[in-house]
Amino acid sequence: RSFDSYPHHRFVLVFNLMTDGSLTVDGIQWRIQPEQGFLIFPYQFHYYSEMAKPNILWLILTFELQNPVIMESFRNRIITLDGDSMNQLNEIIEDYQQKDTPRANRRLILKSASLINQLRERLHGGPKAAIASQNSVKLAATGLINSIQRYLTDHSDSLQSVSEIAEALHMSESNLRAVFRQHFNISLGSYLKNYRAHQAILYMQNPSLSLTDIAFQLGFTTLSAFSRFFSNSIGEAPRAYRNRFAKP
């Protein structure tokens, strides 16, 4: 029930080890059972809800890849874990709980990469995944997303267009769109939509703000326009969402 307005730039691999729950990714809800998993791609808007019991055990691995395209076989698919995968997850948890040393961390990374590759081979196969290094391309991507994030934060009370962001970054609109997609494999328009959805949910955690207040703070000129945006992004009307999730 808490949300960070800063988007995630890594893959998020979720494993349910205990307790049914729902995972909503870009407006689509998936019911995840124990011994199942799901891969969330970089910059996909997501949140967790409707846990069957308060006592949960979900394991989350985050990672980066030099070639994100090789994970496409995971997109919008629930992963069913077999006995071998569950044993590997238990070993990863045990290693994570050990003393924090370079050798232990390396062992943890190798076991995690081995599990990810095994799951990939079960789906479609393909080249093995390589963990990304902080090279010049990665640094450029980080700089770009940080500049966009700062601009959106400084102008959070208005709906900023791609052309306005491009002007602020001294880039042409077409170049900004192309560079953004090249770095992150999604459109800048989708990123902005997800960012605003995060902001809307953050504001909803404040009971003193009405839906009209939230709409105006996000830059919408009418409540109906905000309601349409929220319903299309989240899959539920803002009032219904708030009634289900924003109560203490």
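Higher on the page you've got the structure.
Scope of this entry: the structure provided in the associated data block. (Residues numbered from 1 in each chain as written. Predicted model: local features only at pLDDT ≥ 70, side-chain atom pairs only at ≥ 80, totals over all residues. Heavy atoms only, no water.)

1. Remarks on the sheet that holds strand β4 (residues 36-40)
Turning to step 1, where the next piece is worked out: Across the sheet, 4 strands lie side by side as β6-β1-β4-β7; this open sheet has antiparallel pairing. On the outer flanks of this sheet lie β6 (57-63) and β7 (79-80), each paired with one strand and no other.
Turning to step 2, where the next piece is worked out: Looking at chain direction, strand β1 (residues 11-18) and β4 are connected through 5 bridges and run antiparallel. Its bridge partner being in β4, Val12 is matched across the sheet by Ile40.
Turning to step 3, where the next piece is worked out: Docked against the sheet, helix α2 (residues 102-123) engages β1, β6 and β7, running at close to 90 degrees with respect to β1. (Pairing = 2+ DSSP bridges. Helix = DSSP H or I, 4+ residues; strand = E, 2+ residues; numbered from the N terminus. Contact = heavy atoms within 4.5 Å. Axes fitted to C-alpha atoms, helices over the stretch in contact; angles between N-to-C directions.)

2. Digging into the sheet that holds strand β5 (residues 46-49)
Turning to step 1, where the next piece is worked out: Taken in spatial order, the 3 strands make up an open sheet running β3-β2-β5, and their pairing is antiparallel. Of all the strands in the sheet, just β3 (28-32) and β5 have a single pairing partner and so form its edges. Going across the sheet, the axis of each strand differs from the next one's by a mean of 25 degrees, ignoring polarity.
Turning to step 2, where the next piece is worked out: In this sheet, β5 lies alongside strand β2 (residues 21-25) in antiparallel orientation, the contact comprising 4 bridges. Across the sheet, the residue bridging to Thr24 is Tyr47, located in β5.

3. Here we look at the pattern of salt bridges
Turning to step 1, where the next piece is worked out: Enumeration over the complete set of coordinates arrives at 7 salt bridges.
Turning to step 2, where the next piece is worked out: For Glu64, the salt bridge is made with Arg10, and the minimal N-O distance between the two is 3.2 Å. A residue pair is termed long-range when its members are at least 10 positions apart, and Glu64 in the loop between β6 and β7 and Arg10 in the segment before β1 qualify at 54 residues.
Turning to step 3, where the next piece is worked out: Put simply, Asp82 and Arg122 hold a salt bridge, and the shortest N to O gap is 3.9 Å. Of this pair, Asp82 sits in the loop between β7 and α1 (83-96) while Arg122 sits in helix α2; the two residues are 40 residues apart in sequence, bridging distant segments of the chain.
Turning to step 4, where the next piece is worked out: When its relative accessible area of 41% is taken as the criterion, Arg122 is described as partly exposed.
Turning to step 5, where the next piece is worked out: Each of the salt bridges in this network shares a partner with another, and the network as a whole consists of Glu91, Asp95, Arg107 and Lys111. (Salt bridge = Lys/Arg side-chain N within 4 Å of Asp/Glu carboxyl O. Buried < 20%, exposed > 50% of the residue type's maximum accessible area, 1.4 Å probe, protein only.)

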